[in-house]
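Structural features, examined
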Amino acid sequence: GNIILGAGEALVSCCGITLPPLEAEDADTEHKISCEVIEDEHYYNIDHPMTKEHYISFMAYVTTNGVNLIKLYPEGPAEARFIKRGAGFLYYYCNKHGLFRIKV
């Protein structure tokens, strides 16, 4: 359940096992995200289960100037708001299907 951010190459291990880096995929229909602009913010919403067994763990808005990460929890909404900071990518992680990204 931990989230690790890196600005370059890293070798990460847990309990003696080296963890492979996650490769982001384009969203499929089950993980399609919607965006609404509200004043100076982007409001992202995913129509996705948020049960203890299957949920979106986080959303992260990544630009050349930084990362804004919001942790999400089971039984909560699969939504987040980010202040508009220019072009970048929105990453989000499904605990069953992996890491997704969209260009924003």
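Treat the numbers as computed from the prediction; the structure is a model and nothing was measured.

Before going further, it helps to examine the sheet that holds strand 7 (residues 66–71). Here 5 strands make up an open sheet; going across it, the order is 3-10-9-6-7 and the pairing mixed. Bordering the open sheet on either side are strand 3 (25–26) and strand 7, each of which pairs with just one other strand.

Right, let's get into the environment of leucine 5. Within the secondary structure, leucine 5 sits in the segment before strand 1 (12–14). For leucine 5, a relative accessible area of 58% corresponds to the exposed category. As a C-alpha pair, leucine 5 and valine 67 span 62 residues in sequence and 9.1 Å in three-dimensional space. Those residues in contact with leucine 5 that lie beyond four places of it in its chain are Val67 and Leu69.

All right, on to the side chain of serine 57 then. Tracing the backbone shows serine 57 in strand 6 (residues 56–63). Within the structure, serine 57 has its side chain in polar contact with the side chain of lysine 71 (distance 3.0 Å). In contact with serine 57, not counting residues within four places along its chain, are Lys71, Leu72 and Tyr93.

The strands making up a sheet associate through hydrogen bonds between their backbones, and the pairing can be parallel or antiparallel. With antiparallel pairing, 3 strands are arranged side by side in an open sheet as 4-5-8. Looking at the sheet topology across the chains shown, the edges are occupied by strand 4 (33–38) and strand 8 (79–83). Going from strand to strand, the sheet's axes swing by 20° on average, the running direction of each strand aside.

About the thresholds
- Residues numbered from 1 in each chain as written.
- Predicted model: local features only at pLDDT ≥ 70, side-chain atom pairs only at ≥ 80, totals over all residues.
- Heavy atoms only, no water.
- Pairing = 2+ DSSP bridges.
- Helix = DSSP H or I, 4+ residues; strand = E, 2+ residues; numbered from the N terminus.
- Buried < 20%, exposed > 50% of the residue type's maximum accessible area, 1.4 Å probe, protein only.
- Contact = heavy atoms within 4.5 Å.
- Polar contact = N/O pair within 3.5 Å; in protein donor to acceptor, adjacent residues only side chain to side chain.
- Axes fitted to C-alpha atoms, helices over the stretch in contact; angles between N-to-C directions.

Take it as geometry only, folks, not as evidence of what the structure does.
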